[in-house]
Amino acid sequence: MTLRARLTLLTFSVLLLTLLASAGVAGAVLWRVELAAISRQVSAQADALLTVARQAPGPPQGATELLETEGGVTAVARVYQGTALRWSGGALGPDVLDPTFLTDQETRRTGEVAGYLTASRRAGEVTVQVGRSLTPLRGLLRRYAFVAALTLLLLSLLAGALVAREVRRALRPLEALVRRVGQLDTPGPVPAVAERGEVGALARALDTSLGALRAERERETLFLASASHELRTPVTALLADLQYTLARERPPEELRAALRRTERTAARLRQLTGNLMTLTRAQRLPGVPGPDSWPEVDLLDLAGEAVDLLQPLASRRGTDLWLDGQPTPLRGDSALLGSVLENLIGNAIKFTPEGGQVQVKVTPLRGGAGRLVVEDDGPGFPPGTLTEAFVRGQADVEGFGLGLAVVREVVEAHGGTLFLSAAGGGGARAEVVLPA
């Protein structure tokens, strides 16, 4: 089926279903309105007939007039003394309108019974039932449904024909472009890019979009890899914090502190995907928020949050985690910088043996810049691997995955630099310098 045929059929189907739904709703409303009107009429007639029937034994006086409506419709009425029929009148109908009411203890009931809308009333030994057949109303609704469906079908066919003509006119340039593209024997640029008018504009837009799509796929692949790595560290820390907290009974103060750390981690996880997308698009999309629009943050506060977050993980591994420094205000994205801290500190904890220590130091520099240093006394970087540390997915070197590559991207997005070297005690040292 061609695109033109599919669009026409879709438009026709949607229009027809919409109109049918509207007609169905209108029919349902009409049914409810008429049913409510009949219910009010038979209820009023039953109440009036009960009043008359209680005044004197025998046939109720004036009952026939009570059973007629302004439209000339006469209801079916029955009067019982106990369970014995005392009087019947009005239109033709069943001998008993609502048999169950005669044996029940209710005094009032209105509802549909065997195709009749019946109002039953009881006072002492006198029972009155007044009903109206719903067959005429159902017939009226069936005629309405038939006429409405036929009318809507004709309107939909007319609208479908008009839509088909407009779609054919709108898709004519596209069909010409499709024929041109179908004649290509070898891959290459989209033809007709030099033509004028709609076909040329469409061809140029398609050519540009295909190039952007290829680049976007590469970026998305890289982004997904980065996101999977970035999510792993806070999730691991969150799990370790929860396990550490639940390991034994703790006072309410410690539980509240653990919950606050969990809340911060959950908030960071919620924002992480959007922050990574901002990072990957920062170099290619205009108007993405950058350093000029970032708020002022304190690097020492961020380091404190990261240390609090990863402290349970360090405790489980038997590693001492220390933080030292001075307040260091600068402009930056707190979630992204928190990711830098979590990656660097998490890697240091990971490669520090039991009984070792990880030191985090934050220092303000002249001019409003700041320095972050993370040192450990683990095995350090193997010889000749510092240049490989920033390669995404480097599988030949243990621990060189996406973490340091993501750290460097975040630091460079903030205009800073990242240095990796050996620590004085033989471990690893990561230094981040961020500008004012």
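Every chain's residues receive numbers from 1 upward, in the order its sequence appears when written. This being a predicted model, a pLDDT of at least 70 is required before a residue's local features are given, and a value of 80 or more before pairs of side-chain atoms are given or counted; all residues contribute to the totals for chains, interfaces and linings. Only hydrogens and water are removed before side-chain values are computed, so all heavy atoms of the structure are retained for them.

Novice: What is the right way to read the sheet that holds strand E4 (residues 116–123) from this model?
Specialist: Strand pairing in a sheet relies on backbone hydrogen bonds. The paired strands run either parallel or antiparallel. For two strands to pair, DSSP has to find at least two bridges joining them. In DSSP terms, a helix is any run of H or I states spanning at least four residues, a strand is any run of E spanning at least two, and both are numbered starting from the N terminus. Pairing is antiparallel across the open sheet formed by five strands, whose spatial order is E2-E1-E5-E4-E3. Lying at the two open borders of the sheet, with one neighbouring strand each, are strand E2 (84–90) and strand E3 (108–113). Neighbour to neighbour, the strand axes of the sheet diverge by 15 degrees on average, direction disregarded. Note on definitions: angles span 0 to 180 degrees between N-to-C directions of axes, and those axes are lines fitted to C-alpha atoms, for helices only across the stretch in contact.

Novice: Sorry if this is basic, but what is going on with the sheet that holds strand E11 (residues 417–422) here?
Specialist: With mixed pairing, five strands are arranged side by side in an open sheet as E7-E9-E10-E12-E11. Looking at strand neighbours, the two that pair on one side only are strand E7 (320–325) and E11, the edges of this open sheet. Sheet twist, expressed as the mean angle between neighbouring strand axes with direction ignored, is 15 degrees. The pairing of strand E9 (residues 357–364) with strand E10 (residues 370–376) spans seven bridges and is classified as antiparallel. Each bridged residue has a counterpart across the sheet, and for Thr363 the counterpart in E10 is Arg371. Contacts from helix H7 (residues 299–316) reach E7, E9, E10 and strand E12 (428–434), with the element oriented near 170 degrees to E7. Any pair of residues with heavy atoms lying within 4.5 Å of one another is described as a contacting pair. In the packing of helix H8 (residues 334–351) onto the sheet, the strands contacted are E7, E9, E10 and E12, and the crossing angle to E10 comes to about 20 degrees.

Novice: Sorry, what's going on with the nonpolar core here?
Specialist: As a rule of thumb, nonpolar side chains are buried together in soluble globular proteins. Residues grouped as a nonpolar core are buried Ala, Val, Leu, Ile, Met, Phe, Trp, Tyr and Cys residues, joined through side-chain atoms within 4.5 Å. Residue burial is assigned from relative accessible area. The probe radius is 1.4 Å, only protein chains are included, and a residue is buried under 20% of its type maximum, exposed over 50%, and partly exposed in between. Formed by 38 residues in total, the largest nonpolar core has its most connected members in Leu321, Leu344, Ile345 and Leu372. Those elements that provide at least two residues to this core are helix H5 (197–246), H7, H8, E9, E10, helix H9 (403–413), E11 and E12. Residue contacts for Leu321: discarding those within four places in its chain leaves Val307, Leu310, Gln311, Ala314, Ile345, Ile349, Val358 and Val360. One finds Val42, Leu49, Ala119 and Val130 within the second-largest nonpolar core, a separate group that totals 20 residues.

Novice: I keep staring at the side chain of Arg261 and nothing clicks. Help me out?
Specialist: Its place among the elements puts Arg261 in helix H6 (residues 252–281). If we skip the residues at most four places from it in the chain, Arg261 touches Asp241, Thr245, Asp308, Leu309 and Pro312.

Novice: Looking at this model, I keep getting lost on the confidence of the model for the protein chain. Mind explaining?
Specialist: Any segment with low pLDDT has predicted coordinates that should not be analysed in fine detail. For the protein chain, per-residue confidence averages 79 on the pLDDT scale, and 75% of positions sit at 70 or higher. Every residue carries a pLDDT, the predictor's confidence in it, which falls somewhere between 0 and 100. This model gives residues 281–288 a pLDDT under 50, and the stretch forms six contacts once residues within four places in sequence are excluded. This stretch, residues 387–401, has a pLDDT under 50; its non-local contacts, to residues over four places away or in other chains, come to 33 contacts.

Novice: What is the right way to look at H8 in this model?
Specialist: Along an α-helix, residues three or four positions apart point the same way, because every turn accommodates 3.6 residues. By definition here, a helix of n residues has an expected span of 1.5 Å times n minus one. An ideal rise of 1.5 Å per residue puts 26 Å on 18 residues; H8 measures up with 26 Å between its terminal C-alpha atoms. Of all 18 residues making up H8, 14 are buried, and the element is well covered by its neighbours. Distance and chemistry together define a polar contact, namely a pair of N or O atoms within 3.5 Å, with one atom able to donate a hydrogen and the other to accept it when in protein, and with adjacent residues in sequence counting only for side-chain atoms on both sides. Regarding H8, its N-cap is Asp333, as a side-chain oxygen of that residue lies 3.1 Å from the backbone nitrogen of Ala335 further along.

Novice: Help me understand the environment of Leu434, please; the structure alone is not making it clear to me.
Specialist: Note on placement: Leu434 falls in strand E12. Judged by its relative accessible area of 3%, Leu434 falls in the buried class. Between the C-alpha atom of Leu434 and that of Val411, which follows or precedes it by 23 residues, the distance is 7.3 Å. Setting aside chain neighbours within four positions, we find Leu434 in contact with Leu299, Leu330, Leu337, Ala369, Gly370, Val411, His414 and Gly416.

Novice: Would you take a moment to explain the UniProt feature "transmembrane region" (unreviewed entry) in the protein chain for this structure?
Specialist: The feature "transmembrane region" (unreviewed entry), as annotated in UniProt, sits at residues 144–164 in this numbering. Helix and strand shares over residues 144–164 are 100% and 0% respectively, and the end C-alpha atoms of the span are 30 Å apart. UniProt positions are given in the numbering used here, feature names are shortened, and annotations may be inferred rather than shown by experiment.

Novice: Looking at this structure, I do not really get the pairing of E4. What am I missing?
Specialist: Along any regular strand, the residues point their side chains to alternate faces of the sheet. By the criterion of burial, E4 is predominantly enclosed, with eight of the eight residues buried. With burial as the criterion, each face of E4 is covered, one bearing Tyr116, Thr118, Ser120 and Arg122 and the other bearing Leu117, Ala119, Arg121 and Ala123. Alignment of E3 against E4, held across six bridges, turns out to be antiparallel. Bridge pairing in E4 places Arg109 opposite Ser120. In this structure, the hairpin formed by E3 and E4 is closed by a connection of two residues, where Ala114 is found at a positive phi of approximately 55 degrees. Relative to strand E5 (residues 126–133), E4 is paired through eight bridges, and the arrangement is antiparallel. Across the sheet, Ala123 pairs through a bridge with Val126, a residue of E5.

Novice: Any chance you could explain the packing of H7 against H8 here in plain terms?
Specialist: When two helices pack together, you describe them by how their axes are tilted relative to each other and by the distance separating the axes. Packing of H7 against H8 brings their axes to within 9 Å, and their N-to-C directions diverge by 35 degrees. The chirality of how H7 crosses H8 is right-handed. Residues Leu302, Ala303, Ala306, Val307, Leu309, Leu310, Leu313 and Ala314 of H7 form the contact with H8, whose own contacting residues are Ser334, Leu337, Leu341, Glu342, Ile345, Gly346 and Ile349. Polar here means any residue outside two lists: the nonpolar Ala, Val, Leu, Ile, Met, Phe, Trp, Tyr, Cys and Pro, and the charged Asp, Glu, Lys and Arg; Gly therefore counts as polar. Of the residues that constitute the contact of H7 with H8, the class distribution is 12 nonpolar, two polar and one charged. It is the rotation of the near helix from the far one that decides the hand of a crossing: anticlockwise by less than a right angle makes it left-handed, clockwise makes it right-handed.

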